[in-house]
Amino acid sequence: MGRRATYHHGDLRAALVTAALDLVAEKGVGGLSVAEAARRAGVSSAAPYRHFAGRSALLSAAATAAGRRLSEQMAEAVEKVRASAAGGGDPVGQAVETLAALAAVCVRYTLAHGAAFELILADELQDFPDEERRDVSRGLFDQLLWPAITITGDVMAANPLLRSFTAVVHGYAYLPRGGFTRGFPVDMRGLPTETDLVADEAARAIRTLARAAAQRTHENPEPGG
């Protein structure tokens, strides 16, 4: 049973967002319902509608909260890379290490918060009008975009690297959960399940891909090459 998101007067909105995040972590994005969030917050099923017009509005608020938390952790990781002078002072080398560190952050975040990363990128929210959430999402993308552009040379060339980043993060975040690996053509029994080990392995994979992208850019420096 999920934990009850109790609230003080005036904090119902925050309690409902907390309940929504708990539900998404436990059941995935599709498992969120306004009625269940209300039950966990200890209020009537009608009470949430004082703050949210419906499920999409509550989902969007939860995505905004999750995105802010992830953004803060990503910013801390970027600062650590800068402070450590990783990459030996070379901008491309530093960008490679930054992208690897961000991969580790995203994997750790997803392992710790269930489907929260899926929530931030939920398809059903793409057309929902919430500028606050969109600003947070753009900020997350910008944190990934600048190291990818530094590595590849331009926006168009950065896109394949960012797609690879997303695939690697998603794979490492969800493979340890089990089930999906049954019948897989590669023996996945050696995949670590400890959060730090999974995150470190994902970072190494991104580091390899980013270095390869940087090498291709060096060999073929034309825009988009």
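Residues numbered from 1 in each chain as written. Predicted model: local features only at pLDDT ≥ 70, side-chain atom pairs only at ≥ 80, totals over all residues. Heavy atoms only, no water.

K.L.:
A description of the environment of L111 should follow, citing residues and the corresponding values.
P.N.:
Relative to the elements of secondary structure, L111 occurs in helix α4 (residues 91-113). The spacing of L111 and Y174 is 63 residues in sequence and 7.8 Å in space, taken between C-alpha atoms. (Helix = DSSP H or I, 4+ residues; strand = E, 2+ residues; numbered from the N terminus.)

K.L.:
Tell me about the environment of A86, and please be specific about residues and values.
P.N.:
One can find A86 in the loop between α3 (55-84) and α4. Spatially, the C-alpha atom of A86 lies 6.5 Å from that of E97, the residues being 11 residues apart in sequence. Apart from residues no more than four positions distant in its own chain, A86 is found in contact with V81, Q94 and E97. (Contact = heavy atoms within 4.5 Å.)

K.L.:
Which residues make up the layout of surface pockets, and what values do they have?
P.N.:
By volume, the largest pocket amounts to about 470 Å³. Forming the walls of the largest pocket are 19 residues, and the residues nearest its centre are L121, S137, L140, F141 and L144. Of all the secondary-structure elements, those providing two or more residues to the lining of the largest pocket are α3, α5 (116-120), α6 (131-152) and α7 (155-174). Counting residues per element, the lining of the largest pocket draws most heavily on α6, which supplies 7 residues. Reported here for the second largest pocket is a volume of approximately 260 Å³. Every residue lining the second largest pocket is counted, 14 residues in all, and those nearest its centre are A77, K80, A101, V105 and R108. Mapped by element, the contributors of at least two residues to the lining of the second largest pocket are α3, α4 and α8 (195-219). Considering every element that reaches the lining of the second largest pocket, the biggest residue donor is α3, with 6 residues. Residue composition of the lining of the second largest pocket, grouped by class: 7 nonpolar, 2 polar and 5 charged. (1 Å grid on protein atoms, 1.4 Å probe; cavity = no way out; pocket = protein on both sides within 12 Å on 5 of 7 lines; lining within 4 Å. Points joined across faces, edges and corners; volume = space filled by probe spheres on them. Nonpolar A, V, L, I, M, F, W, Y, C, P; charged D, E, K, R; others polar.)

K.L.:
Can you tell me about the confidence of the model for the protein chain, naming the residues and giving the values?
P.N.:
Should pLDDT be low for a region, the predicted coordinates there are not to be read in detail. Counting all residues, the mean pLDDT for the protein chain is 86, and 84% of those residues have values of 70 or more. Counting interchain partners and residues more than four positions distant, the pLDDT-below-50 stretch residues 179-188 has 4 contacts. (pLDDT = per-residue confidence, 0-100.)

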